[in-house]
Amino acid sequence: MKEHKATSISAVVVSHNSGEDILRCLAALHAQTLPARQMIVVDNNSSDGSPLKIQRDFPNVQLIILKENSGPAVSRNIGIAQVISELALILDDDIFMESDTLEILERTIENERCDIVCPRILLFPETNYCQCDGTDSHFLGNMRLRNALKPVRDLPVTPSPVDGSIGACNLVRMNAIRHAGGYNELFFHYFEDHEFSLRMNAFGHRTYCQPTATVFHKKGKGTPGLSFRNKDKYPPRRAYHTIRNRWMTILITYQFRTIVLLIPALFLFEVGTFLRVISSGWLIQWLKAIKSIWQQMDQILENRSFIQKNRVLSDYHILSSGKLTFAPGFITSRFQTSLLKILSFLVNINWYMVIWLIK
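Residues numbered from 1 in each chain as written. Predicted model: local features only at pLDDT ≥ 70, side-chain atom pairs only at ≥ 80, totals over all residues. Heavy atoms only, no water.

**Side note on the pairing of strand β4 (residues 87–92)**
Here β4 lies mainly inside the structure; six of its six residues are buried. Across the two faces of β4 the burial is the same, with Leu-87, Leu-89 and Leu-91 and Ala-88, Ile-90 and Asp-92 all buried. Note that strand β1 (residues 9–15) and β4 share six bridges and pair parallel. Considered in β4, the bridge of Ala-11 is made with Leu-89. (Buried < 20%, exposed > 50% of the residue type's maximum accessible area, 1.4 Å probe, protein only. Helix = DSSP H or I, 4+ residues; strand = E, 2+ residues; numbered from the N terminus. Pairing = 2+ DSSP bridges.)

Have a look at this one:
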């Protein structure tokens, strides 16, 4: 049997005020059975002393310290620009890898001849539950996590194609990410990974999930004012980014005929969203989201032109139907859950009526 020759890999880790988590992340990266050729940490102006600890404990790591918190899209692009390998491992600072994860991911991306492979992401410390096995791209503009919060013992262990993946951990071919233009810097937080997945798919770059490669995603405090951990109130700033970036994703990536054919479903969804906005006191955030989209319309249209000119697959091939899902905390009552079920039924009727025209 011919011996497998591993493709070279560079790791790009994005960090911000991660404390000891970034050290644990890098320790796990150094312990891989397939070592990374290059390790890059892009620090988003951390104030907790973690950059100094990285320099002390991991002097071989290339540390880039930004003057401000620029968000994951900008940070990843800065790190990717330094990559010298054929493959790039894109990693968040609160992801802890098992020792053989990188080796399994590398074998999978070569064996399946795909352009992106993501691992099975398990919650930490609740390691018996899956956060996701890649994602689906719902036609209304949302990302749906595959196998979210399901017991690991009930899940398959064979690699399979997926619509996309969250940004926490991915192994990507550098020629594919350069072809797609990297991450979209119009997105500060949220949906930047979803828009990236849609764009990669539209350009014909395939994504796989390899469930035998596992990583652990720590359920920490998250980013103040943005993260939600199933307690307290849903952050208004998070609501702003969710509303804004969903529409940014649709306007940038969807074909014009798709948007026109889905007007009834999109309208119903917006009515439901606006009712949630009013009941939660998010009207200011909703207005700011609309204003931001309008102010950046020139950049949106520029991005849209790039995608539509270079895409090789229609929306029929990169979008999917099914049950509507939201990030935890967005739907908070039984009444809202019931309305969501009705809304899912109605918008899916629209999808199945027009899908043959989208194709």
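**Let's talk about unusual backbone geometry**
The linkage connecting Phe-124 with the following residue, Pro-125, adopts the cis geometry, with an omega of 15°. Secondary-structure assignment places Pro-125 in the loop between β6 (116–124) and β7 (130–132). One non-glycine residue, Asn-17, lies in the positive phi region at around 45°. Residue position: Asn-17 is located in the loop between β1 and α1 (20–30). You will see that Arg-113, though not glycine, has its phi angle at about 50°, which is positive. With respect to the helices and strands, the residue Arg-113 is situated in the loop between α4 (101–111) and β6. Judged by its relative accessible area of 71%, Arg-113 falls in the exposed class.

**Here we look at the packing of aromatic side chains**
Per the counting criterion, the structure on display carries six aromatic pairs. Considering the side-chain rings of Phe-139 and Trp-351, the 4.7 Å spacing of their centres and the 10° angle between planes classify their relative orientation as stacked. In this pair, Phe-139 sits in the loop between β8 (135–137) and β9 (143–145) while Trp-351 sits in helix α13 (residues 334–358), placing the two residues 212 residues apart along the sequence. Under the relative-accessibility criterion, Phe-139 is labelled buried at 0%. Centroid distance Tyr-183 to Phe-196: 4.2 Å. Interplanar angle 20°. Geometry classified as stacked. Here the residue Tyr-183 occupies a position in the loop between α5 (174–180) and α6 (192–202), and Phe-196 occupies one in helix α6, the gap between them amounting to 13 residues. On the accessibility criterion, Tyr-183 (4% relative accessible area) is buried. We classify Phe-196 as buried; its relative accessible area is 5%. A network of ring pairs unites the aromatic residues Phe-96, Phe-124 and Phe-216 as a single cluster. Over the ring of Phe-96 we find Arg-24; its NZ or CZ atom is 4.5 Å from the centre of that ring. Over the ring of Tyr-183 we find Arg-76, and its NZ or CZ is 5.1 Å from the ring centre. (Phe/Tyr/Trp six-rings, centres within 6.5 Å; stacked < 30°, edge-to-face > 60°. Lys NZ or Arg CZ within 6 Å of the ring centre and 35° of its normal.)

**Observations regarding the side chain of Ser-15**
Position of Ser-15 among the secondary structure elements: in strand β1. Among the polar contacts listed, one links the side chain of Ser-15 to the side chain of Ser-18, at a separation of 2.9 Å. Ignoring any residue separated from it by four or fewer positions in sequence, one finds Ser-15 in contact with Ile-22, Val-41, Val-42, Asp-43, Asn-44, Ser-46 and Asp-93. (Polar contact = N/O pair within 3.5 Å; in protein donor to acceptor, adjacent residues only side chain to side chain. Contact = heavy atoms within 4.5 Å.)

**Digging into helix α10 (residues 283–295)**
Helix length check: α10, at 13 residues, gives a terminal C-alpha distance of 18 Å against a target of 18 Å (1.5 Å per residue), a fit within 8%. Every buried residue of α10 is accounted for by Gln-285, Ala-289, Ser-292 and Ile-293. Angularly, the buried residues of α10 cover 100° about the axis, an arc narrow enough to put them on a single face. Facing away from the buried side of α10, by more than 90 degrees, are the exposed residues Ile-284, Lys-291, Trp-294 and Gln-295. (Expected span 1.5 Å × (residues − 1). Arc of directions from axis to C-beta.)

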